[in-house]
Amino acid sequence: ASIHYTTDGSTPTLSSPTYSSPFTVSATTTVKYAAWDNAGNAEQTHTQQIQVDTTAPSTTIACNGSACSGWYAPGVAVSLSASDAGSGVASLHYTTDGSTPTLSSPTYTAPFTVSATTTVKYAAWDNAGNAEQANTQTIQIDSTAPSSTISCNNSPCSTSAYSAAVTVALSATDAESGVSVIRYTTDGTDPTASSTAYSGPFTVSSTTTIKYRAWDNAGNVEPTK
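Keep in mind that this is a model prediction, so the values were computed, not measured.

What counts and what doesn't
Residues numbered from 1 in each chain as written. Predicted model: local features only at pLDDT ≥ 70, side-chain atom pairs only at ≥ 80, totals over all residues. Heavy atoms only, no water. Buried < 20%, exposed > 50% of the residue type's maximum accessible area, 1.4 Å probe, protein only. Helix = DSSP H or I, 4+ residues; strand = E, 2+ residues; numbered from the N terminus. Pairing = 2+ DSSP bridges. Disulfide = S-S within 2.5 Å. Patch = residues over 30% accessible without salt bridge, like charges linked within 9 Å, V, L, I, M, F, W, Y side chains within 5 Å. Areas by Shrake-Rupley, 256 points an atom, 1.4 Å probe, with all protein chains shown as cover. Salt bridge = Lys/Arg side-chain N within 4 Å of Asp/Glu carboxyl O. Core = buried A, V, L, I, M, F, W, Y, C linked by side-chain atoms within 4.5 Å. Contact = heavy atoms within 4.5 Å.

### Details of the pairing of strand 7 (residues 89-95)
With respect to burial, strand 7 is a largely interior element, five of its seven residues being buried. Note that strand 7 and strand 9 (residues 118-126) share six bridges and pair antiparallel. Within strand 9, the residue paired with S91 across the bridge is W125.

### A closer look at the sheet that holds strand 16 (residues 211-216)
Taken in spatial order, the three strands of this open sheet run 14-13-16, and their pairing is antiparallel. Two strands bound the open sheet, and with one partner strand each, they are strand 14 (196-197) and strand 16. Relative to strand 14, strand 13 (residues 179-185) runs antiparallel, the two being bridged by two bridges. Among the inter-strand pairings, Y184 is bridged to a residue of strand 14, identified as T196.

### Here's the deal with the state of the cysteines
By definition, a disulfide links two cysteine residues through a covalent bond between their sulfur atoms. Inspection of every chain in the model, using the stated rule, returns two disulfides. C63 shares a disulfide with C68; S-S distance 2.0 Å. Here C63 and C68 share a disulfide; its torsion about the S-S bond, 90°, makes the bridge right-handed. The class for C63 is buried, based on a relative accessible area of 2%. Each sulfur in the disulfide pair C152 and C157 lies 1.9 Å from the other. What sets the handedness of the C152 and C157 disulfide is the S-S torsion sign, and at about 85° it is right-handed. For the chain, the bonded cysteines pair up as 1-2, 3-4 when numbered in the order they occur along the sequence.

### Overview of a nonpolar patch on the surface
A contiguous nonpolar patch, built from I3, Y19, F23 and Y33 and spanning about 330 Å² of accessible area, is present on the exposed surface. Inspection of the secondary structure puts F23 in the loop between strand 1 (2-6) and strand 2 (29-36).

### Quick notes on the nonpolar core
Membership of the largest hydrophobic core comes to 17 residues, with the highest contact counts inside it found for I61, V76, V78, L80, F112, V114 and I139. Those elements that provide at least two residues to this core are strand 4 (58-63), strand 6 (76-83), strand 7, strand 8 (112-114), strand 9 and strand 10 (135-141). Not counting the four nearest positions on each side in its chain, I139 is found in contact with C63, Y72, V76, V78, V114, A116, T117, T118 and V120. The next biggest cluster of nonpolar side chains, apart from the first, holds 13 residues, and it includes V166, Y198, V204 and A214.

This is a description of form; function is not addressed.
Rendered as structure tokens:
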């Protein structure tokens, strides 16, 4: 005779909406429904929860375990992580060729390495089929060490002996990430990351071996000079 249903959680009666054609639900809804026959018999009410997820997932990216920022030396470990509060994350896809990721793009399963400046684009899909807007992260890689020079009394250092104290200056250049620091020693040891950082010209008053090298902002270091 008729089918009646509700979408407000109440039990359907003959006064409830009569089903006549398919209807649409746009949010998570509990549909209750029952049929009556022409003799007046009513079936036991059925209940069906229809779960609707309208929110796309969200993805974050990390470089070497931290937020991607600045310059890196070659061999950056790139990791992606996605979350979805509704239906859950179905898959995460990315590209490294500048194209927008699709479901056919590589599926992220574990951190991957980039060894040259790369634009990573990535997006997640949830189990309801929602896809987030593609994200873009450029990972800048500097694979070239800086180059430093030394001068004595504002001129190239002479191989001949000086007759008085000498003012020594150091300088360095780096075409990509930029010079981070120049470090030097005067005791014959090779400079390390804990050696004296060059901050300005200094004076030597006796025969001295100066060893020096520069670091760039990506962590590349030149051979000791």
